[in-house]
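Fold and geometry: a report
Here is how the chains run, residue by residue.
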Amino acid sequence: MAQEGMKSVSGPRRNIRLLKANYIKEFVLLGQAEDPLDPMKCYVDLNTLQSREESAIRQAEMDAERIGVGVTAQAQSIFDALSKTLPVRWDKTVIVVMNEVRVGSPYLPESVVGGTPAANERVRKVLELERKRLQGRGGSQ
């Protein structure tokens, strides 16, 4: 357990972090401190904890939506590259860009359909560049 002390307007506050023992390489005892879990001196802000939990769950759900199910690593790389500059989402194994352009397997520029001609061309260009980058680092088409 690691304790971090903080001073605040409402009195001293502490963050207590629980660590897995196998992550600790060594430790040095600096001195004896008060018991950080003394119920008479310990205050747990349940509202803050609940808010942090809800925020972490929302973030995990958003991260999970960005992972394609049943797609290749190459398809995921293409999705990730498109997501850097354009709003994208998965619709099963099809990448949907800007809610109008669709890119299906095998995720080639010829696989781009829908949307305005300008949007379509922009997606094709990013797709071509990403496929060249993947090919350059040993990925296959």
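Cut-offs applied
- Every chain begins its residue count from 1, and numbering advances along the sequence as written.
- Owing to the predicted nature of the model, reporting of local features is limited to residues with pLDDT of at least 70; listing and counting of side-chain atom pairs is limited to 80 or more, with chain, interface and lining totals taken over all residues.
- Side-chain numbers come from the whole structure's heavy atoms, not from hydrogens or water.
- Starting at the N terminus, helices and strands are each numbered in turn, a helix being any DSSP run of H or I of at least four residues and a strand any DSSP run of E of at least two.
- In protein, a polar contact means a hydrogen-donor-capable atom and an acceptor-capable atom, both N or O and within 3.5 Å, with residues adjacent in sequence counting only if both atoms are side-chain atoms; elsewhere, any N or O pair within 3.5 Å suffices.
- In this analysis, two residues are considered to be in contact whenever any of their non-hydrogen atoms come within 4.5 Å of each other.
- One speaks of a salt bridge when a side-chain nitrogen belonging to Lys or Arg is within 4 Å of a carboxyl oxygen belonging to Asp or Glu.
- With a 1.4 Å probe rolled over the protein chains alone, any residue whose accessible area is under 20% of its type maximum counts as buried; one over 50% counts as exposed, and the rest are partly exposed.
- Here, nonpolar core refers to any group of buried Ala, Val, Leu, Ile, Met, Phe, Trp, Tyr and Cys residues whose side-chain atoms link them within 4.5 Å.
- Aromatic contacts are taken between Phe, Tyr and Trp rings whose centres are within 6.5 Å, Trp giving its six-membered ring; a plane angle under 30 degrees counts as stacked, one over 60 as edge-to-face, and the others as tilted.
- Only residues above 30% relative accessible area that lack a salt bridge enter a patch, with like-charged residues linked at up to 9 Å and the nonpolar side chains Val, Leu, Ile, Met, Phe, Trp and Tyr linked at up to 5 Å.
- All accessible areas in this document rest on Shrake-Rupley with a 1.4 Å probe, and a residue is counted as covered only by the protein chains that are shown.

**Concerning the side chain of Asn-120**
- Summarising the element assignment, Asn-120 is placed in helix α3 (residues 117–136).
- A distance of 2.8 Å separates polar atoms of two side chains, one belonging to Asn-120 and the other to Arg-124.
- Sequence-distant contacts of Asn-120, defined by excluding residues within four places in its chain, comprise Val-101, Val-112, Val-113 and Gly-114.

**With respect to the pattern of salt bridges**
- Taken as a whole and assessed by the stated rule, the structure comprises two salt bridges.
- A salt bridge links Arg-102 to Asp-91, with the shortest nitrogen-to-oxygen separation between them at 2.9 Å. Residue Arg-102 is found in strand β5 (residues 101–103), and its partner Asp-91 is found in strand β3 (residues 88–91); the two are separated by 11 residues along the sequence.
- Here Arg-102 falls in the partly exposed class, since its relative accessible area comes to 32%.

**A word on the nonpolar core**
- Within the largest apolar cluster, 17 residues are counted, with the highest numbers of intra-cluster contacts made by Ile-78, Leu-82, Ile-95, Val-97, Val-103, Tyr-107 and Val-123.
- Those elements that place two or more of their residues in this core are α2 (73–83), β3, β4 (94–97), β5 and α3.

**Notes on the environment of Ile-78**
- Inspection of the secondary structure puts Ile-78 in helix α2.
- For Ile-78, a relative accessible area of 1% corresponds to the buried category.
- The spatial distance from the C-alpha of Ile-78 to the C-alpha of Leu-129 is 9.7 Å, given a sequence separation of 51 residues.

**Observations concerning the side chain of Ser-77**
- Within the secondary structure, Ser-77 sits in helix α2.
- You can call Ser-77 buried: its relative accessible area is 19%.
- Among residues more than four places away in sequence, those in contact with Ser-77 are Glu-130, Leu-134 and Arg-137.

**Re the packing of aromatic side chains**
- Applying the stated criterion across every chain, the model contains one aromatic pair.
- Their ring planes at 10° and their centres at 4.8 Å tell us that Phe-79 and Trp-90 sit as a pair that is stacked. Of this pair, Phe-79 sits in helix α2 while Trp-90 sits in strand β3, placing them 11 residues apart in sequence.
- Judged by its relative accessible area of 12%, Trp-90 is buried.

**Comments concerning a nonpolar patch on the surface**
- There is a patch of nonpolar side chains on the surface, built from Leu-19, Ile-24, Phe-27 and Leu-29 and spanning about 480 Å² of accessible area.
- Structurally, the position occupied by Leu-29 is in the loop between β2 (11–17) and α1 (46–65).
- The exposure class of Leu-29 is exposed, given its relative accessible area of 66%.

**A word on α2**
- Most of α2 sits out of view: eight of its 11 residues are buried.
- Taken residue by residue, α2 has Ala-75, Gln-76, Ser-77, Ile-78, Phe-79, Ala-81, Leu-82 and Ser-83 as its buried positions.
- Each element contacted by the buried residues of α2 is listed here: β3, β4 and α3.

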